[in-house]
Amino acid sequence: MAAFTLKINGREHQIDVDPGTPLLWAIRDNVGLTGTKYGCGVAQCGACTVYVDGQTVRSCSLPVSAVGKSEVTTIEGLTSKEAVAVQKAWAAHDVPQCGYCQSGQVMSAAALLGLNPKPTDQDIDLAMNGNICRCATYVRIRAAIHSAAKSLEG
Amino acid sequence: MRVVGTGTLALLAGSLAAVAIAAYPGLRRADAAPEAVRMAAGLKPVTDFARIKNKDERAVALFEEAGKVLQSPRCMNCHPAGDRPTQTDKMLPHQPLVVRGEAGMGAPGGLACTTCHHEANFDAARVPGNPKWQLAPIEMAWQGRSLGQICAQIKDSKLNGGKTMAQLVHHMAEDELVGWGWNPGAGRTPAPGTQKQFGELIKAWADAGAACPKG
Amino acid sequence: MNAHVKPAASTALSRRSLLKAGAGLVLATYVARNGVAYAQDGAAAKSVNIAPNTFLVIGQDDTVTVLCKHIEFGQGPFTGMATLVAEELDADWTQMRADHAPSNPVLYKNLLFGVQGTGGSSAIANSYEQMRKVGAAARAMLVAAAADEWKVPAEEITVEKGIIKHASGKQSGFGALAAKAMQQPAPANPQLKDPSAFKLIGKEGAVTRLDSVAKSNGTAEYTLDIKDPGTLTVLVARSPRFGGKVASFDAAAAKAVPGVVDIKKVPNGVAVYADGFWPAKTARELLKITWDDSKAETRGTAQLLEEFRARAKKQGALVKQEGDVDAEIAKGGKLIETEFVFPYLAHAPMEPINAFIHWKGETASARYGSQFPTPDHAAIAQVLGLDIAKVELKTILAGGSFGRRAQQSTHVALELAQVAKAIGPGRPVKLVWTREDDMRGGYYRPFSLHRMRGVVRDGKIVAWSDTIVGQSIMKGSPFEAMTMKNGLDSTAYEGSNEIPYQVPNFRCDLHQVDVGVPVLWWRSVGHTHTGYAVEAFVDQLLEAAGQDPVEGRLAMMADKPRHAGVLKAVAQLADWKGAKLEAGRARGVAVVESFNTYVAQVVELSMGQEGPVVHKVWCAVDCGVAVNPDIIRAQMEGGIGFALGHILYAQQPLEEGRPVAGNFDSYRSLRINEMPQIEVAIVPSTEKPTGVGEPGVPPLGPAVANAMAKLGLPRPTQLPIRPGDTA
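All values reported here derive from a predicted model rather than from experimental measurement.

Definitions and limits used
Residues numbered from 1 in each chain as written. Chains lettered and ligands numbered in written order. Predicted model: local features only at pLDDT ≥ 70, side-chain atom pairs only at ≥ 80, totals over all residues. Heavy atoms only, no water. Domains from an automatic or database assignment. Contact = heavy atoms within 4.5 Å. Buried area = accessible area lost by both parts, 1.4 Å probe. Salt bridge = Lys/Arg side-chain N within 4 Å of Asp/Glu carboxyl O. Nonpolar A, V, L, I, M, F, W, Y, C, P; charged D, E, K, R; others polar. Phe/Tyr/Trp six-rings, centres within 6.5 Å; stacked < 30°, edge-to-face > 60°. Helix = DSSP H or I, 4+ residues; strand = E, 2+ residues; numbered from the N terminus. Buried < 20%, exposed > 50% of the residue type's maximum accessible area, 1.4 Å probe, protein only. Expected span 1.5 Å × (residues − 1).

Engineer: For this particular structure, what's the right way to read the domain arrangement of chain C?
Structural biologist: How big an interface is tends to be stated in terms of the accessible area lost upon association of its parts. Residues and elements named next belong to chain C. The domain architecture assigned to chain C consists of domain 1 (11-197), domain 2 (223-294 + 353-432) and domain 3 (301-345 + 443-725). Just the C-alpha atoms count here: the centres of domain 2 and domain 3 sit 37 Å apart. Contact with domain 2, which involves eleven residues of that partner, is made by 19 residues of domain 3. Taken together, the two surfaces of domain 2 and domain 3 that pack against each other cover about 1,300 Å², and 65% of this comes from carbon and sulfur. We note a salt bridge from Glu-656 to Arg-241, for which the minimum N-O separation is 3.8 Å. A breakdown of the residues in the side of domain 2 that touches domain 3 according to their chemical character gives five nonpolar, four polar and two charged.

Next up, the structure:
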């Protein structure tokens, strides 16, 4: 066990865990933010997507010991204009079914629009294919990302 | 893992071609899937090659030995001929779909290597990592090429990142991403031998005139 | 952070009025609870009090919360039930909320099963009248209350979009009159609207899902998110083979892991109790367990396949017979034979199996995504030795199911209660299965084989024989008596015994095989394989008969108007006859009825280097009255993607009895880059509504196979199509 200070959504959290604990479980079990989901634990499904210093990261594949002073953003701390547009589009298209993967989907989609304001279908494939949705809501994810991009053109 | 000799190298290139053909549906079943790429367990030391008197022949033999490393899945997976790396000992297309992008680190806005791969292997998630984790540039593509072609590419400073032979030897022997091949994390078969042995083979090859295998 | 749901302040109770409108519309005792209700704007996720013994709660703030007796795991019953209530209540959609009803088999039984449970795509089908009556009764009581309050005749009062009005100018929302309404007699048989007056049911854009916002911002609460104070995370080490038992174990190293609280032997294996998932998982890996496999299933799927093939050579127990197949074969038409092999499939919902319970000694309180609350409830009570009245079970949102959470064996409820019992009362426990536990934990779609034989003579299909070899889902379950006839499990042959085509000589027979691998219904159950076998084979026979796949099917469907209806609709949608396809592309079609819903699909694909690439799918569905058209479309889209991923990649092979695939690298799931475009047509119907959660799945596989055949490739006879693509 070791003490770590995690900076998550602008707040510092002191936790005492095994250094090899994946960031995912520190966020969920130690910090208590449960919007970030566990789906596979092996960076295959994307349900645990967070930002580390603004970059999308699968929190299951990063040990707490490697986070250092980086700023972590979870779905609870998502406030960018792209995120707002994505979440609005998600509701407008009724994207979610079971919803369990959608925190990760929204994180990935908002990050995509931050880097690429007008993504093509292929750009969406490249950005979003790391997020598995077992309900296969993909048709709507694609449509909602296009809608969100359009709404940001403003 | 089966231990086989240098004859495997030709098999490897062959089996890659087989992937492309046999992947046609209805033709390929689990029991008829291409064999997992075979890997040699060890490398012969440089001294084993001293008996080859002809310099070019010796260089070729040394390179063929070093080729067991170059053509191991640990190296080949990130030297694809297309935009997508492969993964595992079976050299399957990387899941999820990632592409090289401009810097070999993923498409802009798409999945970056660093979304999953970090500074070190993380066995708990079965995800390998290295500070320099990235795809080899397209001009260094090895998949689908013969060992002779790979050899010619490696030597060509226009294709090897402008490296002199000395720099090349140093890269092979010392580079930490190359070195990852022998420390790939749980569940992955390491490249044969050691990086030191591999470096010695490459150096001996260079010293012997750096002739390439034919074909 | 807003992931928490704030507990409702106790004072909120007094501010809220409740409307009785339960089954039979009898006023029930109000019991204060804290719950999460879902609203389309996400707002209601703050705090709502629900009354467990009603279907409906009207808050003083005008919110209308519908208690849904079906579990919401994506298929849309929250929105569906709320639509039915709101329609008859003349509520405004913005005031609607939904939450799960607690376990109570009297009030909340599925009218088709007799117990509380979700399955068989039955939510809308069995609630259509019931929930409309709830809404209509509540409306009548509100109107009566208004009439009383305003001293005007009830007939002069109108209700529109949540506002109760009288010509005098008097008007009110629901909340202000709710207390008074509760004093009114509940009409036993309230007048329902004529469908021509519907404002929400069947209307495009009239409603949006109640759970979309909460599921897009991380506030939706699933079982894995439960963090009641003092909760221990429990992982159980189970036998790698089905039927294996713990012979002995050494927990010394595991116990030393910081955060580990206790380790106990439980009936299924060895349970690790820890403060959080990671210490529990770390410790579990350090357990040294010797397994006793003397009673375990040790056959692999390769061996099972040999055994199944051998059996299929002989006729099994007769399921249905018409005419004389053997005589027709003997006559010497064109005999076509093929075999279809279907692998074990895991459901692999995004949220792996888990469950929470707090056993307090005299009482217990459980919360999780229980799909069959009634049997689960009884199982928990039995293990803990409590009267069922002392046990509370609340269903909460689940991250997918596809059949996995409907456990006739109650194995999760049992394991949950067992781990609670083993550590003793006063310790809330959250039982968590890892993804690998879930993949390798059994309860698969049964491994099945169909041996098909057909005869084509003079351009017609004159004989059809289907010999099925498969495992029973129902045998040994509480549903055995209800679902098995003559010892045969209808879920093993449903769809194969009643094909929609008129064939004069027909036989369907079944070898019901016992295998020690637990199996379960998997999204569309028997139709997952019978749909493929029938539709790929009929296409093959029609090809041999020189007939068009659509015309040829229609010619044999004279007495199947609804099958024919969706087939014609999809052919029109896809422009089956007229469309000019790009070079290298081909189309295939299939039509399957399941759960009284009729679905036809046309698939357009080409062959990529790695296998079929499906570009587009056209889908026509007839599910009777379409209550929520957009949810129907969503279920077709999702069903298609779910089916495509599995027929391309998915299988759970067993090696010496051990399941091999453990995660999404070895059990590959469809990704967005592989998702086809989809166009859905809902065939207008005035028939009773039927379900849509499952019926989108079965036609996709055979339509892919049939499109491949158009490209000159064999129809895949063994699924998945691309088995070698996984790690």
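Engineer: Looking at this model, I keep getting lost on the packing of aromatic side chains. Mind explaining?
Structural biologist: For any two aromatic rings, the description comes down to two numbers: the centre-to-centre distance and the angle of the planes. Residue and element names in this part refer to chain C. Tallying each qualifying case throughout the model produces 21 aromatic pairs over all chains. Consider the rings of Phe-55 and Tyr-108, whose centres lie 5.1 Å apart with planes at 90 degrees: the pair is edge-to-face. Note that Phe-55 is positioned in the loop between strand E1 (38-39) and strand E2 (56-58) and Tyr-108 in helix H3 (residues 105-108), a separation of 53 residues in sequence. Since its relative accessible area comes to 1%, Phe-55 is described here as buried. Note on Tyr-344 and Tyr-444: the rings are 5.9 Å apart at their centroids and 50 degrees apart in plane angle, and the pair reads as tilted.

Engineer: I'm lost on helix H5 (residues 138-153) of chain A in this one. Help?
Structural biologist: Helix length check: H5(A) (16 residues) gives 23 Å between terminal C-alpha atoms against 22 Å at 1.5 Å per residue, within 8%. Among all positions in H5(A), only A:Tyr138, A:Arg140, A:Ile141, A:Arg142, A:Ala144, A:Ile145, A:Ala148 and A:Ala149 are buried. Tucked into the core, H5(A) has its buried residues touching helix H2 (81-92), helix H3 (102-115) and helix H4 (121-128) of chain A together with helix H18 (629-649) of chain C. Positioned one or two residues after H5(A), A:Gly154 has a phi angle of 40 degrees, which is positive.

Engineer: What is the right way to read the pattern of salt bridges from this model?
Structural biologist: Where charged atoms of side chains with opposite charge meet at close range, the side chains can pair. A full pass over the atoms with the stated rule returns 65 salt bridges over all chains. With a closest N to O distance of 2.9 Å, C:Asp90 and C:Lys193 form a salt bridge. With C:Asp90 in the loop between helix H2 (77-89) and strand E4 (96-100) and C:Lys193 in the loop between helix H5 (174-182) and strand E8 (232-238), this pair connects stretches of sequence that are 103 residues apart. The burial state of C:Asp90 is the same as that of C:Lys193; both residues are buried. Among the ionic pairs, C:Arg238 bridges to C:Glu415, the shortest N-O distance being 2.7 Å. One end of the pair, C:Arg238, is in strand E8; the other, C:Glu415, is in helix H11 (residues 411-423), with 177 residues separating them in the sequence. You can call C:Glu415 buried: its relative accessible area is 1%. Among the charged side chains, a salt-bridge network with shared partners connects A:Arg140, C:Glu204, C:Asp630, C:Arg633 and C:Glu637.

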